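Close look at the chain arrangement
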Amino acid sequence: MKFPSKLLKKAVPMLALSVAFSSGSAFAAERSQNLGIPQQIDSYQHRRVHIQLLGINDFHGQIDVTRKVGGRAVGRADYLAAYLKQRESENKNTLLVHAGDAVGASSPVSALLQDEPTIEILNTLGFDVGTVGNHEFDEGVDEMLRLIYGGTHPATGYFSGAKFPYVAANVIDKETGKPILPPYVIKKVNGIPIGFIGVALSDTPSIVTPSGVAGVEFTDEAEAINKAVAELKKQGVETIVVLAHNPGISNTDGSNASGEIVDIAKNVDDEVDVMFAGHNHSYLNAEVDGKLLVQSYSYGTAFSDVDLQIDPRTKDVVSKKAEIVTTYQDAIKPDKKIKRLIEKYEEKVAPIINQVIGTAKATITDEQNASGESALGNLIADAQRDAMKTDFAFMNPGGIRADIEQGEVIWGELYNVQPFSNQLVKMTLTGEQVRRLLNQQWQSNQTRMLQISGLKYTWDSKKPIGEKVVDIYLPDGTKLDPNAEYTVTVNSFLADGGDNFTVLTEGKNREVGPVDLDALINYIKKLPQPFDANIEGRIQKVS
Ligand SMILES: [Zn+2]
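Described below are features of the structure shown in this document. (Residues numbered from 1 in each chain as written. Predicted model: local features only at pLDDT ≥ 70, side-chain atom pairs only at ≥ 80, totals over all residues. Heavy atoms only, no water.)

Glancing now at the overall build of the protein chain. When helices and strands are counted, the protein chain shows 15 helices and 27 strands. In summary, the protein chain has a C-alpha radius of gyration of 25 Å against a globular reference of 24 Å for 543 residues, a match within 12%. Projecting the C-alpha coordinates of the protein chain onto the three principal axes gives extents of approximately 90 × 45 × 45 Å. Looking at the protein chain residue by residue over its 543 residues, the buried ones come to 58%. By element, 49% of the accessible surface of the protein chain is carried by carbon and sulfur atoms, the whole surface being about 21,400 Å². For the protein chain, the separation between the mean place of its 55 positive charges and that of its 70 negative charges on side chains is 3 Å. (Helix = DSSP H or I, 4+ residues; strand = E, 2+ residues; numbered from the N terminus. Rg over C-alpha atoms; globule rule 2.2 N^0.38 Å. Buried < 20%, exposed > 50% of the residue type's maximum accessible area, 1.4 Å probe, protein only. Areas by Shrake-Rupley, 256 points an atom, 1.4 Å probe, with all protein chains shown as cover. Lys, Arg positive; Asp, Glu negative; His and termini not counted. Charge placed at Lys NZ, Arg CZ, Asp CG, Glu CD.)

Put into structure tokens, the structure is as follows:
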């Protein structure tokens, strides 16, 4: 198939990081020797139960995507599967777990089929338990629960759901006050009960479309974990594992562990033995406050192999160690069954993905000039304004995820540019609100330059936050009237106040339009071919 070679551009810096760290897989092996509490040599040693936990995080439906680590090909679900099965064959007491963001911002082969392919692959691999990250909420709670428990979607029909439980102790239904998923499950392995507690990132509402988390609230991770630990202890469970979609990072030798997961580890009951982290796509293999913390990058480029020695008399962990294993493709044969599954789904979506939409005269990038304008930003903002027939359009730069390469442009490439399937929203703002919106681009901790269509403006970097915008011009050269009303297009993420553009929540006369990707596709199809887009001076920094 023609499509899958193009990677999400924003993933590159993270990969560079993973190259730096994971070149030490020998390190990781060495580390795993040293990490555990030295085993006591006593007469009971032969009776210890050896349990293996294999974990992934932030898989993001990358079932067919190959990446590079240290110049070598890594990832794809069929290679990941082969590694997991190899490790499983070495220890029958193996459980497979994931720490969230298994789906969402996925490869088209999964995303076009509502991420059912990813869940089916996890089912086929025999995953035992997972938790929810922020991306599981991308399409709202109902769709998340449909993927977990089964149900019908207009695009894909009936799907039977995950064959393994999802746990989340801190995602609470606002109406009932109860968790929407079980806070924990108990898995019995060779006579040993193991408690698995899940927690989602409590910051989730600030990083997904507000409609995605409507009806639920996220409570403090450590409090939710401790409540679940107390319940598990009452039931005689001594071995406790937490799946947390919270970030953490360490050196490959386990030193310098930091991130939210470290803070949470220090605040949870010492009965917790292992915590799987996620969200920042990093390496983590460290012991903090007696808890073993692991994270294995992202996208199936690696997995965590946690080994526990458990005393069958006390049912508690006596030693533990972990290894973060990179899924190099040249060191194993891909799993045939999973390979066939990927091919089945690729065939299903190929006609859509390979459809030629237009021809780009030159490469169009989202690289911003010093004023904050990009050629690709202009193209996307123009497409959105055209789709909704409004005076202006504003596009958040974080929603532009890849460039358009010179030459034939296929559907799959445009999908990588706009992978979030946000719907467009038309609204009315006053000129004064437009000025406040533009001034919200500069916040105390971050600058986010909106890409714009239908207006021009100047800004002054020396002016204080909230007053940087100088003059705003309409296409006829006149100035924006603060008291006049203008129609505006943004995507649903921005319309709900995403990225702290709170002015947009004040917009009136709201009307929902097509998905952003469809607007871009339709616009490119209408342009004279070959098409191009350029920086035109829509945004001008005056000093
Ligand atoms: Zn995440």
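Read on, since the account is not over.
The next subject is the packing of helix H8 (residues 221-234) against helix H9 (residues 260-267). Following both chains from N to C, one finds H8 and H9 inclined at 40°, their axes separated by 9 Å at the closest point. By the criterion of interaxial angle, the relationship of H8 to H9 is oblique. Here H8 and H9 pass one another in a crossing that is right-handed. Taken together, the residues of H9 that come into contact with H8 (itself represented by Glu221, Ala222, Ile225 and Asn226) are Glu260, Ile264 and Asn267. The residue makeup of the contact of H8 with H9, split by class, is 3 nonpolar, 2 polar and 2 charged. (Axes fitted to C-alpha atoms, helices over the stretch in contact; angles between N-to-C directions. Parallel < 35°, antiparallel > 145°, perpendicular 65-115°, else oblique. Left-handed = near helix turned anticlockwise from the far one by under 90°. Contact = heavy atoms within 4.5 Å. Nonpolar A, V, L, I, M, F, W, Y, C, P; charged D, E, K, R; others polar.)

In this section: the coordination of the zinc ion. Protein ligation of the zinc ion involves Asp101 (OD), Asn134 (OD1), His245 (NE2) and His279 (ND1), the donor distances falling in the range 2.1 to 2.2 Å. Because the angles between the 4 donor atoms bound to the zinc ion fall within 91 to 162°, the donor set is best described as irregular. Read in sequence order, the donor residues for the zinc ion give the motif D-x32-N-x110-H-x33-H. Highlighted residues: Asp101 in the loop between strand S4 (94-98) and helix H4 (108-111) and His279 in the loop between strand S13 (272-276) and strand S14 (283-288), separated in sequence by 178 residues. With a relative accessible area of 1%, Asp101 lands in the buried category. (Donors = N, O, S within 2.8 Å, 3.2 Å for Na, K, Ca; no water. Tetrahedral: all angles 85-135°; square planar, octahedral: opposite > 155°, others 65-115°.)

A few words on the sheet that holds strand S9 (residues 184-189). Taken in spatial order, the 6 strands line up as S9-S10-S12-S13-S15-S14 in an open sheet, and their pairing is mixed. Where the open sheet ends on each side, the last strands, each with one partner, are S9 and S14. Ignoring strand direction, the axes of neighbouring strands in this sheet form an average angle of 20°. In terms of strand pairing, strand S10 (residues 192-199) meets strand S12 (residues 239-244) through 6 bridges, oriented parallel. Its bridge partner lying in S12, Ile197 is registered against Val242. Contacting S9, S10, S12 and S13, H8 runs over the sheet at an angle of about 160° to S10. (Pairing = 2+ DSSP bridges.)

What follows is about the sheet that holds strand S24 (residues 469-473). Here we have 3 strands laid out as an open sheet, ordered S24-S23-S27, and mixed in their pairing. Lying at the two open borders of the sheet, with one neighbouring strand each, are S24 and strand S27 (539-541). Averaged over all neighbouring strand pairs, the angle between strand axes comes to 15°, with direction disregarded. Relative to the sheet, helix H13 (residues 431-439) contacts strand S23 (456-459) and S24, its axis offset from that of S24 by approximately 130°.

For the rest of this paragraph, the subject is the pairing of strand S25 (residues 485-491). Buried residues dominate S25, accounting for 5 of its 7 residues. In this sheet, S25 lies alongside strand S21 (residues 423-430) in antiparallel orientation, the contact comprising 7 bridges. Bridged to Thr430 within S25 is Glu485.

Purely geometric stuff here, so don't read any function into it on its own.
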